[in-house]
Amino acid sequence: MEQKSVVTEEELKKRALSEAGISYSVCAMLPVLFSLLLSIVILALSGGREENWYADRDWYKYLCFLIPQCCFAFAAFLFFKRSRMRIRSAYRGCKWYFFPLAAVLQFGLTFSLSELNEYFVRFLELFGYVRQSSVLPSLGGWNLLPALIVIAVLPAVLEETIFRGIVTRQMNDNGWGVYASVLVCGALFSLFHHNPEQTIFQFFCGACFALVAIRSGSVFPTMLSHFLNNAVILALSAAYAPVYGEDFTMKQVLPAGGYVALCAVAAVALVAALGCLVFFGRRKEEKAFGVRYGKVFFLAASVGIALCAIEWGIALISGFVKLP
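So, how was this worked out
- Residues numbered from 1 in each chain as written.
- Predicted model: local features only at pLDDT ≥ 70, side-chain atom pairs only at ≥ 80, totals over all residues.
- Heavy atoms only, no water.
- Patch = residues over 30% accessible without salt bridge, like charges linked within 9 Å, V, L, I, M, F, W, Y side chains within 5 Å.
- Areas by Shrake-Rupley, 256 points an atom, 1.4 Å probe, with all protein chains shown as cover.
- Salt bridge = Lys/Arg side-chain N within 4 Å of Asp/Glu carboxyl O.
- Helix = DSSP H or I, 4+ residues; strand = E, 2+ residues; numbered from the N terminus.
- Buried < 20%, exposed > 50% of the residue type's maximum accessible area, 1.4 Å probe, protein only.
- Axes fitted to C-alpha atoms, helices over the stretch in contact; angles between N-to-C directions.
- Parallel < 35°, antiparallel > 145°, perpendicular 65-115°, else oblique.
- Left-handed = near helix turned anticlockwise from the far one by under 90°.
- Contact = heavy atoms within 4.5 Å.
- Nonpolar A, V, L, I, M, F, W, Y, C, P; charged D, E, K, R; others polar.
- Core = buried A, V, L, I, M, F, W, Y, C linked by side-chain atoms within 4.5 Å.
- Expected span 1.5 Å × (residues − 1).
- Bend = angle between axes of the 7 residues up to and from the residue.
- Phe/Tyr/Trp six-rings, centres within 6.5 Å; stacked < 30°, edge-to-face > 60°.
- Lys NZ or Arg CZ within 6 Å of the ring centre and 35° of its normal.
- Disulfide = S-S within 2.5 Å.

## Overview of a nonpolar patch on the surface
Phase 1 of the analysis: Taken together, the side chains of Phe-123, Leu-126, Phe-127, Ile-317, Phe-320 and Val-321 make up a nonpolar region of the molecular surface, amounting to roughly 630 Å² of accessible area.
Phase 2 of the analysis: Looking at the element boundaries, Phe-127 is found in the loop between helix H3 (98–125) and helix H4 (144–173).
Phase 3 of the analysis: On the basis of relative accessible area, Phe-127 is assigned to the exposed category, the value being 56%.

Written as structure tokens, this is what we have:
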């Protein structure tokens, strides 16, 4: 009789981290492939129209947002199928107070770190960087509703499933320290979006979301944070972009005193929320740092990391180079 091979706990942990890394690589590769395919199809159907005639069309902008989300959904499906883990493992419940805590945290992130991010962009502009134009579709009137679904709801569910429900959870459940998981997840999240202008803000959002997910044991509060972030951006853009331009800031909208007060309150909210997450809800056995089986994860995620780094670099260079 053949003996069934026994899978050790160590092998299970390595497999889980490997599959999480593969998920990241899949999420990075598939949008590039589908975007290339989309470009080929559009080029074939152009029929003598002027170059980039489609760039300002809403249908094209929606496709640009939808393609990554479809890839996230496929990557999540692939992870649960290959790892044989239950979908419930990524969607556990949590205590109710993590939801208002996540909302307060996002308020602090949105209205305090936006100013820090603005200083970073101004620093790049000192060396000739030109801000990239907005890629948002039309937001006037009822157009805001489909934009909220595609740009706020879907990313909140699908991106959080990958980054916090799969990647962060597998890191933290398989021997990584809390803050090692938080920092790496923040870096991967920021790098994935390959947007130099939002690098600082997206890193802090990714790291804070990971901390919320670890402390609460659930992705549902981070889904709320992610939705609120995107929804607020869309709502503000719908209200003020027609008046102040696509690159408006809250400093233009509010009087000087009101803007300073908003930043101050947001900073206090951010510090208070982070204080609660850092000092409360800790487990006695948890580690702060330490990366166990890190080579396994990073090897599996290496293709995605390299691809995202290249795209980030191209985006940065294109801001300095004026293309014909």
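Having seen it, we continue.
## Some points on the packing of helix H1 (residues 9–45) against H4
For any two helices packed against each other, one specifies the crossing angle of their axes together with the interaxial distance.
Phase 1 of the analysis: The geometry of H1 relative to H4 is characterised by a closest axis approach of 8 Å and an angle of 150 degrees between their N-to-C directions. Here H4 runs roughly antiparallel to H1, going by the angle between their axes. Here the hand of the crossing between H1 and H4 comes out left-handed. Residues Ala-16, Leu-17, Ala-20, Ser-23, Tyr-24 and Cys-27 of H1 form the contact with H4, whose participating residues are Ile-162, Phe-163, Ile-166, Val-167, Gln-170 and Met-171.
Phase 2 of the analysis: The residue inventory of the contact of H1 with H4, partitioned by class, reads 10 nonpolar, two polar and no charged.

## Some words on the packing of H3 against helix H6 (residues 199–216)
Phase 1 of the analysis: The geometry of H3 relative to H6 is characterised by a closest axis approach of 9 Å and an angle of 160 degrees between their N-to-C directions. As the angle between them shows, H3 and H6 are arranged roughly antiparallel. As for the relative orientation of H3 and H6, their crossing is right-handed in sense. Across the interface between the two elements, Phe-98, Leu-105, Gln-106, Leu-109, Thr-110, Leu-113, Leu-116, Asn-117 and Phe-120 of H3 pack against Thr-199, Ile-200, Phe-201, Phe-204, Cys-205, Cys-208, Phe-209, Val-212, Arg-215 and Ser-216 of H6.
Phase 2 of the analysis: For the contact of H3 with H6, the per-class residue count stands at 13 nonpolar, five polar and one charged.

## A word on the nonpolar core
Phase 1 of the analysis: Leu-105, Leu-109, Ile-162, Phe-163, Phe-192 and Phe-297 are the most contacted members of the largest nonpolar core, which totals 55 residues.
Phase 2 of the analysis: Every element with two or more residues in this core is listed here: H1, helix H2 (58–83), H3, H4, helix H5 (178–192), H6, helix H9 (256–279) and helix H10 (294–320).
Phase 3 of the analysis: Not counting residues up to four positions away in its chain, the partners in contact with Phe-192 are Tyr-24, Cys-27, Ala-28, Phe-72, Phe-163 and Cys-308.
Phase 4 of the analysis: Judged by nonpolar contacts, the second largest core, of 10 residues, contains Phe-111, Leu-236, Met-250 and Ala-266.

## Some remarks on helix H7 (residues 220–244)
Phase 1 of the analysis: For H7, spanning 25 residues, the distance from its first C-alpha to its last is 35 Å, which sits close to the expected 36 Å at 1.5 Å a residue.
Phase 2 of the analysis: A bend of about 40 degrees at Ala-238 is the largest found in H7, and the proline Pro-242 appears one to four places after it.
Phase 3 of the analysis: Buried positions along H7 lie against H3, H4, H5, H6 and helix H8 (250–253).

## Here's the deal with the packing of aromatic side chains
Phase 1 of the analysis: Applying the stated criterion to the full structure yields 25 aromatic pairs.
Phase 2 of the analysis: Between Trp-176 and Phe-298, the aromatic rings sit 5.9 Å apart at their centres with planes inclined by 40 degrees, giving tilted as the arrangement. Taken together, the positions of Trp-176 in the loop between H4 and H5 and Phe-298 in helix H10 put the pair 122 residues apart, joining distant regions of the chain.
Phase 3 of the analysis: Each member of the aromatic cluster is reached from another via a ring pair, and the members are Tyr-24, Phe-72, Phe-163, Phe-189, Phe-192 and Phe-209.
Phase 4 of the analysis: Above the plane of the ring of Phe-189 lies Arg-164, whose end atom (NZ or CZ) is 4.5 Å from the centre.

## A few points about the state of the cysteines
Phase 1 of the analysis: Counted according to the given criterion, the structure contains zero disulfides.
Phase 2 of the analysis: Just so you know, Cys-276 is unpaired, no disulfide at all, and the nearest cysteine sulfur is the one on Cys-208, 13 Å from it.
Phase 3 of the analysis: Note on Cys-276: relative accessible area 35%, which makes it partly exposed.

## A look at the environment of Leu-188
Phase 1 of the analysis: Inspection of the secondary structure assignment puts Leu-188 in helix H5.
Phase 2 of the analysis: Under the relative-accessibility criterion, Leu-188 is labelled buried at 5%.
Phase 3 of the analysis: Considering only alpha carbons, one finds Leu-188 and Val-303, 115 residues apart in sequence, at a separation of 12 Å.
Phase 4 of the analysis: Setting aside residues no more than four positions away along its own chain, Leu-188 makes contact with Tyr-24, Phe-163, Val-167, Met-171, Phe-297 and Ile-305.

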